[in-house]
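Structure at a glance
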Amino acid sequence: MLEIRAMTIDDYDEVLRFWIEAKDLDVSPAFDTRNRTAAYLARNPGLSTVALDDGRVVGTVLCGHDGRRGSLYNVAVAEDHRRRGIARKMLDRSMAGLKEAGLTSAFLMVYAANLEAAAFWEHNGFAPVSGVNYHFSYFGPVGPASS
Ligand SMILES: CC(C)(COP(=O)(O)OP(=O)(O)OC[C@H]1O[C@@H](n2cnc3c(N)ncnc32)[C@H](O)[C@@H]1OP(=O)(O)O)[C@@H](O)C(=O)NCCC(=O)NCCS
């Protein structure tokens, strides 16, 4: 039976296994540690979503906001469960939470080579933004979230 609900840190082991197996997701256990995931979920209560089929994790959405815009990460559905509306249901749940929190917009990042994902996002109301480059700075070493 399919269950779509808020992700909790108790889901972490199964969720990490799912992320590692998922293709097209840039997830590294060194970054998506238990502590960082716990901190993210605590900072954004109830916004992230997990889909389970008979208890097996088959989809995830990490969702949060910084008070200005919502953001989505690690959006994926297991290959054998795609095109059944699971991503849409997870997004609807997480986006409803953002709206409840007073947010009016959200963004996410897609690798330029991931044309399938780009088509999915465009179909689901996330228009590509032209003329914007992504800038990034790593300023580690980091605190407790890294372990
Ligand atoms: C992208 C992904 C999460 C979609 O999951 P899904 O559960 O198959 O999507 P859904 O079944 O909920 O689809 C919702 C809608 O999007 C459409 N859609 C799904 N995949 C699509 C695609 N690749 N291109 C265009 N539209 C797509 C569906 O037809 C459906 O449309 P409808 O509501 O008009 O009927 C899944 O393909 C996936 O995990 N991909 C690999 C990981 C990835 O690339 N993640 C994104 C990283 S930015």
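Described below are features of the structure shown in this document. (Residues numbered from 1 in each chain as written. Predicted model: local features only at pLDDT ≥ 70, side-chain atom pairs only at ≥ 80, totals over all residues.)

With that settled, the discussion passes to the environment of Arg 5. Along the chain, Arg 5 turns up in strand β1 (residues 2-6). Through-space distance from the C-alpha of Arg 5 to that of Ser 48 is 8.5 Å; in sequence the pair is 43 residues apart. (Helix = DSSP H or I, 4+ residues; strand = E, 2+ residues; numbered from the N terminus.)

By nearness alone, 22 residues border the ligand, and Arg 82, Ala 87, Arg 88, Ala 117 and Ala 119 come closest of all. Contributions of two or more residues to the shell around the ligand are made by β4 (70-77), α3 (86-100) and α4 (115-123). A class-by-class count of the residues in the shell around the ligand yields 12 nonpolar, 4 polar and 6 charged. (Near = placed C-beta within 6 Å. Nonpolar A, V, L, I, M, F, W, Y, C, P; charged D, E, K, R; others polar.)

Spatial strand order, β1-β2-β3-β4-β5: 5 strands in an open sheet with mixed pairing. In this open sheet, the two strands that pair with only one neighbour each are β1 and β5 (106-108). Each neighbouring strand pair of the sheet contributes to a mean axis angle of 20 degrees, computed without reference to strand direction. Of the strand pairs in this sheet, β4 and β5 are connected by 3 bridges, and their pairing is parallel. (Pairing = 2+ DSSP bridges. Axes fitted to C-alpha atoms, helices over the stretch in contact; angles between N-to-C directions.)

The subject of this paragraph is helix α1 (residues 12-21). Turning to α1, its buried residues number three or more, namely Val 15, Phe 18 and Trp 19. One face of α1 carries all of its buried residues, which in axial projection span an arc of 100 degrees. The exposed residues of α1 that point more than 90 degrees off its buried face are Asp 13, Arg 17 and Ile 20. (Buried ≥ 20, exposed ≤ 12 C-beta atoms within 10 Å, placed from the backbone. Arc of directions from axis to C-beta.)

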